[in-house]
Amino acid sequence: MTARTGDEMSGPALLIAGLAVTGSPVVASWLLAGLTVSSAVGGIVLGAVLDRVRRPGRALAWCLGGYAVGLGVILAGLGRVPAAVLVGVAVVAGLLGPALTGGWTAQVPQVAPGARLARANALDSMSYNLAGLAGPALAGLAATAVGAYGAVGISVGLVLLAVLPAWTLPVNPRPRAAAVRVRDLTEGVRAILVSRALLRTTVASMVSFAGMAMLVVSAPVLGIRFGAGAGFGGLLLAVVALFALAANGLLAGPLRRLAGRPDAVLVGSTLVLGLGLAITAVAGATAAVTTAAGAGSVGGGWWGVGWAVVGVVVVGVASGPQLTAVMAVRHREAPEQARGQVFTTGASLKITSFAVGSAVAGPLVAWSPPWALVTGAVLQVVAIAAFWLLSPGGPSRNTAEAVERAGRMG
């Protein structure tokens, strides 16, 4: 939990700090993009290592320490070192980012095997939501109380607190050959390409998460437009995580029958997520109009704040079940011998798509936060379309079969 909370806190904290130091949402978004864009490469390598070492927790611990050091370097350099250099540091640190996400989740079957796995998966997804709740909230509160630098510093401390628990994770009872070959590094990618269910879930989640980046980058700017400060954006993201947690609690309890239909849950939740982003776009447009009119002591007026809260609540209700559905499909479809790679590769591809969304969101938000949010909503529709196009019988069937044949021949 501490590692994921530190991870969830570091993104909003870097956005707030970058915005405070440079005054530019473009530079702030590039710092976030740099921290996440290299995850695809890092996830492939980390997955191969985790599948082959007897003590995967120790490998995770080293990665957590390196990630914290990278955040510390960025913190020390803000305002003193050129932004391009700090973005480069963020890219290097981002190589270790999958250790905080898919690296942990891949260990769930070792802790809760067999019949307990479905419930453990829902609880694991809830830990993401708890971290998503605490991280942005802490970033917003810390930025208000001790400043943007302090917010980043706290996120570094939280990541470091997770090093010891990671070190003590259970051993891998069936480690693969220790040597990692070049071919082994692509095993997770091949497994995703061959499995129709994994492929369509991965692509849909990547497109959807790129749309979510529009909300994350827009949130601090919306807070400023509402006259509540950039820290208010962190609180909006905390509301998303709160309702994601509540929705996942229902999936783990009264609505657990839905957890057995992850593909349907993925489609439905992505559609609702798009609706939430569209509502938040209305809030941003209201803020712009009322600010121009000089209405109210709060820049966007209480009407705009209300719509923003409604929008992020809807986003949260959708994003929790969406994450649980993605994890359930991976647990169901991942080959045992490449489980670690499927999880770290899938998570890192999703994070990298978030980085691309963040990089695009920066200029969009600088131009118009509402249009950035509308773009995020449109991407949810694109994600659903990609899911159906990649379904069995869709136009990509021959491509997937060709990849499968190539994998058997190789």
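Residues numbered from 1 in each chain as written. Predicted model: local features only at pLDDT ≥ 70, side-chain atom pairs only at ≥ 80, totals over all residues. Heavy atoms only, no water.

Undergrad: I keep staring at the environment of C63 and nothing clicks. Help me out?
TA: Looking at the secondary structure, you find C63 in helix α4 (residues 56-77). A residue is classified by how much of its surface remains accessible, and C63, at 13% relative accessible area, is buried. Between the C-alpha atom of C63 and that of A93, which follows or precedes it by 30 residues, the distance is 9.2 Å. (Helix = DSSP H or I, 4+ residues; strand = E, 2+ residues; numbered from the N terminus. Buried < 20%, exposed > 50% of the residue type's maximum accessible area, 1.4 Å probe, protein only.)

Undergrad: Could you clarify how one ought to interpret the packing of aromatic side chains in this entry?
TA: We describe a pair of aromatic rings using the distance from one ring centre to the other and the angle between the two ring planes. This structure, assessed with the given rule, holds 2 aromatic pairs. Each ring, one from F209 and one from F354, has its centre 5.1 Å from the other, and the planes form 40°; the classification is tilted. Within this pair, whereas F209 is found in helix α12 (residues 196-225), its partner F354 is found in helix α16 (residues 339-367), the two being separated by 145 residues in sequence. On the accessibility criterion, F209 (25% relative accessible area) is partly exposed. (Phe/Tyr/Trp six-rings, centres within 6.5 Å; stacked < 30°, edge-to-face > 60°.)

Undergrad: Whenever I open this one, the environment of L198 confuses me. Can you help?
TA: Structurally, L198 is set in helix α12. Between the C-alpha atom of L198 and that of V342, which follows or precedes it by 144 residues, the distance is 8.9 Å. Excluding residues within four positions of it along the chain, L198 makes contact with A191, I192, V329, R330, E333, A334 and V342. (Contact = heavy atoms within 4.5 Å.)

Undergrad: Would you explain the pattern of salt bridges in this entry?
TA: Counting across every chain of the model gives 2 salt bridges. Here D263 makes a salt bridge to R332, at a shortest N to O gap of 3.2 Å. Residue D263 is found in helix α14 (residues 262-293), and its partner R332 is found in helix α15 (residues 301-333); the two are separated by 69 residues along the sequence. A relative accessible area of 16% means that D263 is categorised as buried. A single salt-bridge network, built from bridges that share partners, covers R200, D263 and R332. (Salt bridge = Lys/Arg side-chain N within 4 Å of Asp/Glu carboxyl O.)

Undergrad: In this structure, what is going on with the nonpolar core? I would like to understand it.
TA: As a rule of thumb, soluble globular proteins bury nonpolar side chains together. One finds L35 and L60 to be the most contacted residues of the largest nonpolar core, which totals 37 residues. Of all the elements in the fold, those that place two or more residues in this core are α1 (2-22), α2 (25-37), α3 (39-50), α4, α5 (83-94), α8 (117-146) and α9 (148-161). Examining the composition of this core, we find that 10 residues originate from one element, α4, more than from any other. If we skip the residues at most four places from it in the chain, L35 touches S10, L14, Y67, L71, A90, V91, A93 and G94. L19, V240, V365 and A372 belong to the second largest nonpolar core, which has 34 residues in total. (Core = buried A, V, L, I, M, F, W, Y, C linked by side-chain atoms within 4.5 Å.)

Undergrad: Is there a simple way to think about α9 in this case?
TA: Three or four residues apart is the spacing at which side chains of an α-helix point the same way, because the helix has 3.6 residues per turn. Taking 1.5 Å per residue as the helical rise, α9 with its 14 residues ought to reach 20 Å, and the 21 Å between its terminal C-alpha atoms agrees with that figure. Along α9, the positions that sit buried rather than exposed are A148, G150, A151, V152, S155, V156, L158 and V159. (Expected span 1.5 Å × (residues − 1).)

Undergrad: Teacher, can you tell me more about the packing of α4 against α9 here?
TA: Between α4 and α9, the least distance of the axes is 9 Å, while the angle of their chain directions is 165°. Taken as axis vectors, α4 and α9 run roughly antiparallel relative to one another. At the point where α4 passes α9, the crossing takes the left-handed sense. Contact residues: α4 offers L64, G65, Y67, A68, L71, G72 and L75, while α9 offers Y149, V152, G153, S155, V156, V159 and L160. (Axes fitted to C-alpha atoms, helices over the stretch in contact; angles between N-to-C directions. Parallel < 35°, antiparallel > 145°, perpendicular 65-115°, else oblique. Left-handed = near helix turned anticlockwise from the far one by under 90°.)

Undergrad: Which parts of the structure should I look at to understand the side chain of S358?
TA: Along the chain, S358 falls in helix α16. Those residues in contact with S358 that lie beyond four places of it in its chain are S29, L32, A33, A213 and V217.

Undergrad: Can you help me understand the packing of helix α11 (residues 187-194) against α12 in this one?
TA: Relative orientation and spacing of two packed helices are given, respectively, by the angle between their axes and the distance between those axes. The geometry of α11 relative to α12 is characterised by a closest axis approach of 5 Å and an angle of 100° between their N-to-C directions. Compared by their axis directions, α11 and α12 come out roughly perpendicular. Residue-level inspection shows A191, I192, L193 and V194 of α11 in contact with α12, the latter providing R196, L198, L199 and T202.

Undergrad: Would you mind showing me how to read a nonpolar patch on the surface here?
TA: A cluster of nonpolar side chains, W367, W371, V374, V378 and V382, forms an exposed patch at the surface whose accessible area comes to about 510 Å². Top element by residues in the nonpolar patch is helix α17 (residues 369-389). It accounts for 4 residues. Inspection of the secondary structure assignment puts W367 in helix α16. The exposure class assigned to W367 is exposed, which follows from its relative accessible area of 59%. (Patch = residues over 30% accessible without salt bridge, like charges linked within 9 Å, V, L, I, M, F, W, Y side chains within 5 Å. Areas by Shrake-Rupley, 256 points an atom, 1.4 Å probe, with all protein chains shown as cover.)

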